[in-house]
Amino acid sequence: MEFSYEVKDSYAEVKADGRLNMVSAPKLREFVTDVIAGGSSRIVVNLENTAFMDSSGLGALIGCLKAARQAGGDLRIAAVQPQVKMVLELTSMDRVLNAYATAEDAFSND
C-alpha cells in the first residue's frame, strides 16, 4: 500500500492506494501521525483506490481518528469503496467514521 498527502486550505488529504490490511495498517497509523505532527490535525483519508480493508485496517483508521482528535482536529474518510463500506456497516463503525463522497466534501460545511 502506498500513502501520499496534500495539504489543502483547511485540511490534509491522505490518499491510500492498495489494500488496507494487517501489513499496511501500521504504516497508515505512522503516516497519519507524521501528518498530524507536521501541523495538520484535520485529516481526510481518501479511500478511492482502496478496494479492500480488514479489521486491522479498521483499527488503524480508528487509531488515526483518536490521534487527530487528541491534536484538536478530526479525521474523516472519503470515496469509500463497496467492500470497505460493508466492513464499516457490519461493525457499525460507519457511525463513528464519517464518510463523504469526496475529500472536498468532508470539511466543506465546517
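Quick note: structure is the one above.
The structure reproduced in this document is the subject of the present report. Quantities reported herein were computed from a predicted structural model and do not represent experimental measurements. (Residues numbered from 1 in each chain as written. Predicted model: local features only at pLDDT ≥ 70, side-chain atom pairs only at ≥ 80, totals over all residues. Heavy atoms only, no water.)

**Remarks on the packing of aromatic side chains**
Put simply, the rule reads: Each aromatic pair joins two rings of Phe, Tyr and Trp (for Trp, the six-membered one) with centres within 6.5 Å, and gets the label stacked for planes under 30 degrees apart, edge-to-face for over 60, and tilted for any other angle. Each helix is a run of H or I in the DSSP string that is no shorter than four residues. Each strand is a run of E no shorter than two, and both are numbered from the N terminus. Accessible area is worked out with a 1.4 Å probe on protein chains only. A residue is then buried under 20% of its type maximum, exposed over 50%, and partly exposed in between.
Following the criterion strictly, the structure yields three aromatic pairs and no others. Seen from their ring centres, Tyr5 and Phe31 are 5.8 Å apart, and the 75° between their planes marks the pair as edge-to-face. Remark: Phe31 occurs in helix α1 (residues 25-37) and Tyr5 occurs in strand β1 (residues 2-7); sequence separation between them is 26 residues. Judged by relative accessible area, which is 46%, Tyr5 ranks as partly exposed.

**Considerations on the pattern of salt bridges**
Condition: Whenever a carboxyl oxygen of Asp or Glu lies within 4 Å of a side-chain nitrogen of Lys or Arg, that contact is scored as a salt bridge.
Applying the stated rule across the entire model yields four salt bridges. In this structure, the salt-bridge partner of Lys8 is Glu13, at a minimum N-O distance of 3.5 Å. Close ionic contact of Asp74 with Arg76 constitutes a salt bridge, the shortest N to O distance being 3.2 Å. The class for Asp74 is buried, based on a relative accessible area of 12%. In the salt-bridge network here, residues are joined through shared partners; they are Glu6, Lys8 and Glu13.

**Section: the environment of Leu61**
As a reminder, the rule being used: By definition in these notes, contact holds between two residues if any of their heavy atoms fall within 4.5 Å.
Turning to its location among the elements, Leu61 is positioned in helix α2 (residues 55-70). Residue Leu61 is classed as buried on the basis of its relative accessible area, which comes to 0%. Considering only alpha carbons, one finds Leu61 and Gly18, 43 residues apart in sequence, at a separation of 15 Å. Those residues in contact with Leu61 that sit more than four places away from it in its chain are Leu20, Leu28, Val45, Leu47, Met53, Leu75, Ile77 and Leu97.

Bear in mind that shape data such as this cannot, by itself, settle questions of function.
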